[in-house]
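Here's the letter readout for the chains.
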Amino acid sequence: MASHRKKIGIMGGTFDPVHVGHLILGEKAYEQLGLDRVWFMPSGNPPHKRNRQGRASNEERISMVQKAIEGNPHFELSLIEMNEDGYTYTYRTLERLKQENPDTDYYFIIGADSLYDFATWKEPARICRACTIVVAARNHVPTLSLDQEMTYLSHQYGGCFIRLDTLNIDISSQLIRQWIQEGKSLRYYVPDPVVSYIREHHIYLAPEGEPEYNG
């Protein structure tokens, strides 16, 4: 009898801050793909987002993810991309994981916006060899266009791309940061423990002004 291969989903990103859209994608990927675990993997300082002035620190982002996923037994925090160099490339992370865990298949979860930028990533073919790419839709991206791009990239890089069948919460961390600066409520968009943490540590607020915002 063949041994059971583990199936791990990876939610990568800056999580600056983490919000319910991230959590919904992780849960739906777990359900649809029959994953054993979903790892939330904060990036140290990704090559395409090196100017992080006015953002949360690595420690703050880690704490926010911890608070967001606690209570979900199949969500885990992975700090593999928090390294001394400050940043890493996705293909290196995935190849390292494959080498260390040959009995595990990895499913890398990305949004539709990232799919259209995939060709600009470092070593896209090596990423495809190391994992299955799981693509979450965005409201402004037609399904037909998404499927065509997935087919093209699959042929271009020899990869396996799967579309995640889920309702879309078209929200971004950038929008959340903007709401905080404008003093708008984050309720139901960001988990309550994360909202409390942001408020207590005055994250994302401009030095000259700290508007009150609701949980």
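Keep in mind it's a predicted model, so treat the numbers as computed, not measured. (Residues numbered from 1 in each chain as written. Predicted model: local features only at pLDDT ≥ 70, side-chain atom pairs only at ≥ 80, totals over all residues. Heavy atoms only, no water.)

1. Quick word on the nonpolar core
By size, the foremost hydrophobic cluster in this structure holds 34 residues, and its most contacted members are Phe-40, Met-64, Leu-186 and Ile-198. For this core, the secondary-structure elements that each account for two or more residues are helix H1 (20–33), strand S2 (37–42), helix H2 (58–69), strand S4 (104–111), strand S5 (132–136), helix H7 (173–182) and helix H8 (192–201). By size, the runner-up hydrophobic cluster in this structure holds 26 residues, among which are Tyr-106, Leu-115, Phe-118 and Cys-131. (Core = buried A, V, L, I, M, F, W, Y, C linked by side-chain atoms within 4.5 Å. Buried < 20%, exposed > 50% of the residue type's maximum accessible area, 1.4 Å probe, protein only. Helix = DSSP H or I, 4+ residues; strand = E, 2+ residues; numbered from the N terminus.)

2. A short note on the packing of aromatic side chains
Enumeration according to the criterion identifies nine aromatic pairs in this entry. Judged by centre distance (6.3 Å) and plane angle (90°), the rings of Phe-108 and Trp-121 are edge-to-face. Separated by 13 residues along the polypeptide, Phe-108 in strand S4 and Trp-121 in the loop between helix H4 (112–116) and helix H5 (124–130) bring together distant segments of the chain. Residue classification places Phe-108 among the buried residues on the basis of a relative accessible area of 9%. Judged by relative accessible area, Trp-121 falls into the partly exposed class, the value being 22%. Measuring from ring centre to ring centre gives 5.3 Å for Phe-118 and Trp-121, while their planes differ by 50°; the resulting arrangement is tilted. Put simply, the rings of Phe-108, Phe-118, Trp-121, Tyr-157 and Phe-161 pair up and form one aromatic cluster. Over the ring of Tyr-89 we find Lys-122, and its NZ or CZ is 5.9 Å from the ring centre. (Phe/Tyr/Trp six-rings, centres within 6.5 Å; stacked < 30°, edge-to-face > 60°. Lys NZ or Arg CZ within 6 Å of the ring centre and 35° of its normal.)

3. Description of H1
Helix length check: H1 (14 residues) gives 20 Å between terminal C-alpha atoms against 20 Å at 1.5 Å per residue, within 8%. Inspection of H1 places Val-20, Gly-21, His-22, Leu-23, Leu-25, Gly-26, Ala-29 and Leu-33 among the buried residues, and these make up the whole buried set. Once H1 finishes, Gly-34 follows within two positions and takes phi at roughly 65°, a positive value. (Expected span 1.5 Å × (residues − 1).)

4. Remarks on helix H6 (residues 143–157)
Its 15 residues place the ends of H6 21 Å apart at the C-alpha level, agreeing with the 21 Å of an ideal helix rising 1.5 Å per residue. Of all the positions in H6, only Leu-146, Glu-149, Met-150, Leu-153 and Tyr-157 are classed as buried. On an axial view of H6, the arc spanned by its buried residues comes to 100°, and they lie on one face. Exposed side of H6, more than 90 degrees from the buried face: Leu-144 and His-155 are the residues found there. In this fold, the buried residues of H6 make contact with H4, H5, S5 and strand S6 (161–164). In the segment just after H6, Gly-158 is the residue with positive phi, at about 65°. (Arc of directions from axis to C-beta. Contact = heavy atoms within 4.5 Å.)

5. So, unusual backbone geometry
Note that the residue after Asp-16, namely Pro-17, is joined by a cis bond; omega there is 5°. Counting through the fold element by element, Pro-17 comes out in the loop between strand S1 (6–13) and H1. One non-glycine residue with positive phi stands out, namely Tyr-188, at about 75°. Position of Tyr-188 among the secondary structure elements: in the loop between H7 and H8. The class of Tyr-188 is exposed, set by a relative accessible area of 71%.

6. Examining the pattern of salt bridges
Side-chain pairs of opposite charge can arise where the charged atoms are in close proximity. With the rule as written, the count across this model stands at nine salt bridges. Residue Arg-55 pairs with Asp-16 through a salt bridge whose shortest N-O separation is 3.9 Å. Here Arg-55, found in the loop between S2 and H2, pairs with Asp-16, found in the loop between S1 and H1; they are 39 residues apart in sequence, far enough to count as distant. The partly exposed category is assigned to Arg-55, whose relative accessible area is 31%. With a shortest N-O distance of 3.2 Å, Glu-100 and Arg-96 are connected by a salt bridge. Taken together, the residues span about one helical turn, with Glu-100 and Arg-96 both in helix H3 (residues 90–100) at a distance of four residues. One continuous salt-bridge network, built from bridges that share partners, spans Asp-147, Arg-163 and Asp-165. (Salt bridge = Lys/Arg side-chain N within 4 Å of Asp/Glu carboxyl O.)

7. Focus on the sheet that holds S6
Spatially, the six strands line up as an open sheet ordered S3-S2-S1-S4-S5-S6, and their pairing is parallel. Looking at the sheet topology across the chains shown, the edges are occupied by strand S3 (75–77) and S6. For this sheet, the mean inter-axis angle between neighbouring strands, taken without regard to orientation, is 30°. Two strands pair when backbone bridges link them, and S1 and S2 are joined in this way by six bridges, in the parallel orientation. Bridging from a neighbouring strand, Met-11 pairs with Phe-40 of S2. Its contacts with the sheet put H1 on S1, S2, S3, S4, S5 and S6, and the angle it makes with S6 is roughly 115°. Sitting on the sheet, H6 touches S5 and S6, and the angle it makes with S6 is about 160°. (Pairing = 2+ DSSP bridges. Axes fitted to C-alpha atoms, helices over the stretch in contact; angles between N-to-C directions.)

Shape descriptors only; they carry no functional weight alone.
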